[in-house]
Amino acid sequence: MDLLLEFWTRVSATNAPLPALTVWLTIAAAALLVLVPPAWKLTRHGITIVHEGGHGLVAALGGRRLQGIRLHSDTSGLTVSRGKPRGLGMVFTLLAGYTAPALLGLGAAWMLSLGHDIGLLWALLAALALLLVQIRNWFGLWSVAVTAAVVFAVTWFGSPAVQSIFAVLVTAFLLLGALRTVVELQATRSRRGGTASDADQLARLSHLPGLFWVVVFFAVAGACLVGAARLLGLV
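Reading guide: rules and limits
- Residues numbered from 1 in each chain as written.
- Predicted model: local features only at pLDDT ≥ 70, side-chain atom pairs only at ≥ 80, totals over all residues.
- Heavy atoms only, no water.
- Core = buried A, V, L, I, M, F, W, Y, C linked by side-chain atoms within 4.5 Å.
- Buried < 20%, exposed > 50% of the residue type's maximum accessible area, 1.4 Å probe, protein only.
- Helix = DSSP H or I, 4+ residues; strand = E, 2+ residues; numbered from the N terminus.
- Contact = heavy atoms within 4.5 Å.
- Axes fitted to C-alpha atoms, helices over the stretch in contact; angles between N-to-C directions.
- Nonpolar A, V, L, I, M, F, W, Y, C, P; charged D, E, K, R; others polar.
- Polar contact = N/O pair within 3.5 Å; in protein donor to acceptor, adjacent residues only side chain to side chain.
- Patch = residues over 30% accessible without salt bridge, like charges linked within 9 Å, V, L, I, M, F, W, Y side chains within 5 Å.
- Areas by Shrake-Rupley, 256 points an atom, 1.4 Å probe, with all protein chains shown as cover.
- Salt bridge = Lys/Arg side-chain N within 4 Å of Asp/Glu carboxyl O.

*Asks:* Would you explain the nonpolar core in this entry?
*Replies:* Among soluble globular proteins, nonpolar side chains are generally buried collectively. Counting 36 residues, the largest nonpolar core has Leu120, Leu121, Val144 and Val151 as its most contacted members. Residue assignment for this core shows that the elements contributing at least two residues are α2 (20-35), α3 (37-61), β1 (65-71), α4 (88-113), α5 (117-132), α6 (138-157) and α7 (160-192). When residues in this core are grouped by element, the largest group, 8 residues, is from α5. Non-local contacts of leucine 121, meaning those with residues more than four positions away in its chain, are made with Val151, Val154, Thr155, Gln163, Phe166 and Ala167. Counting 13 residues, the second-largest nonpolar core is a separate cluster that includes Val91, Leu202, Leu205 and Trp213.

Laid out in structure tokens, this is it:
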């Protein structure tokens, strides 16, 4: 009982707000992780984890049978679910991938605005643990396990200041990374024409052009970025 009480005390603790300069420097670091090609080649795996996790979560909530998730070394991923090949369930499942990082970033910003930095990190750990049991390839297992290990190390051993900085870094990375992946999606579509991307699958289901869905993804990412900035008092 004492152990559970101590754990709840840790999870529900609130952290003091970081100085504005520290927040902006952390956001700048997140921007470098997204904009610098060698860094992005590595950190993009984090966005893929959230992307595929979004597909899996919405598929399960929509009544589809989730059969597993695969993450690949080229930062691509695949979520397999069974159910009706058409209908709102399939549409929302496809919508969830590119919007998941931005929506998670917005939710993270909301938790930070309430001072629940450590609670955010524990929530991320719980989500990674749930995702881990759905992974169906070795690289995916390694990718999620390493990500979880990093989050756990900061959550358990980091000082309150380190936890807060890391939480802001993750939040900013998710929001900025969401925008970059949508830009990359359209760049790939422009080079290859019709593809098997989420936008093109949505186009076939809805009879709306793939570009329309790319704009939807970008609008969601942009709105989440603005909303998060307002929650954190940055604008």
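*Asks:* Would you take a moment to explain the packing of α6 against α7 for this structure?
*Replies:* Helix packing geometry: the angle between the two helix axes and the distance between the axes. Interhelical geometry of α6 versus α7 gives an angle of 145° and a closest axis separation of 8 Å. Residue-level contacts link Val150, Val151, Val154 and Thr155 of α6 to Val162, Gln163 and Phe166 of α7. Grouping the amino acids of the contact of α6 with α7 by side-chain chemistry returns 5 nonpolar, 2 polar and no charged.

*Asks:* What should I look at first to understand the environment of leucine 141 in this one?
*Replies:* Its location among the elements puts leucine 141 in helix α6. By relative accessible area, leucine 141 is classed as partly exposed at 28%. Linking leucine 141 and alanine 127, residues 14 residues apart in sequence, is a C-alpha distance of 14 Å. Sequence-distant contacts of leucine 141, that is, excluding residues within four places in its chain, are made with Leu132 and Ile135.

*Asks:* Honestly, the side chain of asparagine 15 in this entry has me stumped. Any pointers?
*Replies:* Residue placement: asparagine 15 occurs in the loop between α1 (2-12) and α2. What makes asparagine 15 buried here is its relative accessible area of 13%. For asparagine 15, the side chain forms a polar contact with the main-chain oxygen of proline 160, separated by 3.2 Å. Beyond its immediate sequence surroundings of up to four residues, asparagine 15 is in contact with Gly115, Asp117, Pro160, Gln163 and Ser164.

*Asks:* Could you clarify how one ought to interpret helix α8 (residues 198-206) in this entry?
*Replies:* Along an α-helix, a turn takes 3.6 residues, which lines up residues three or four apart on a common side. Three or more residues of α8 are buried, namely Asp198, Ala199, Asp200, Leu202, Ala203 and Leu205. Turning to α8, the residues buried within the fold contact α3, α4, α7 and α9 (210-231). Histidine 207 occupies a position one or two residues after α8 and carries a positive phi of about 65°.

*Asks:* Quick question: what am I supposed to make of a nonpolar patch on the surface here?
*Replies:* On the surface, Trp110, Leu114, Leu231 and Leu232 cluster together to form a nonpolar patch covering roughly 360 Å² of accessible area. Residue position: tryptophan 110 is located in helix α4.

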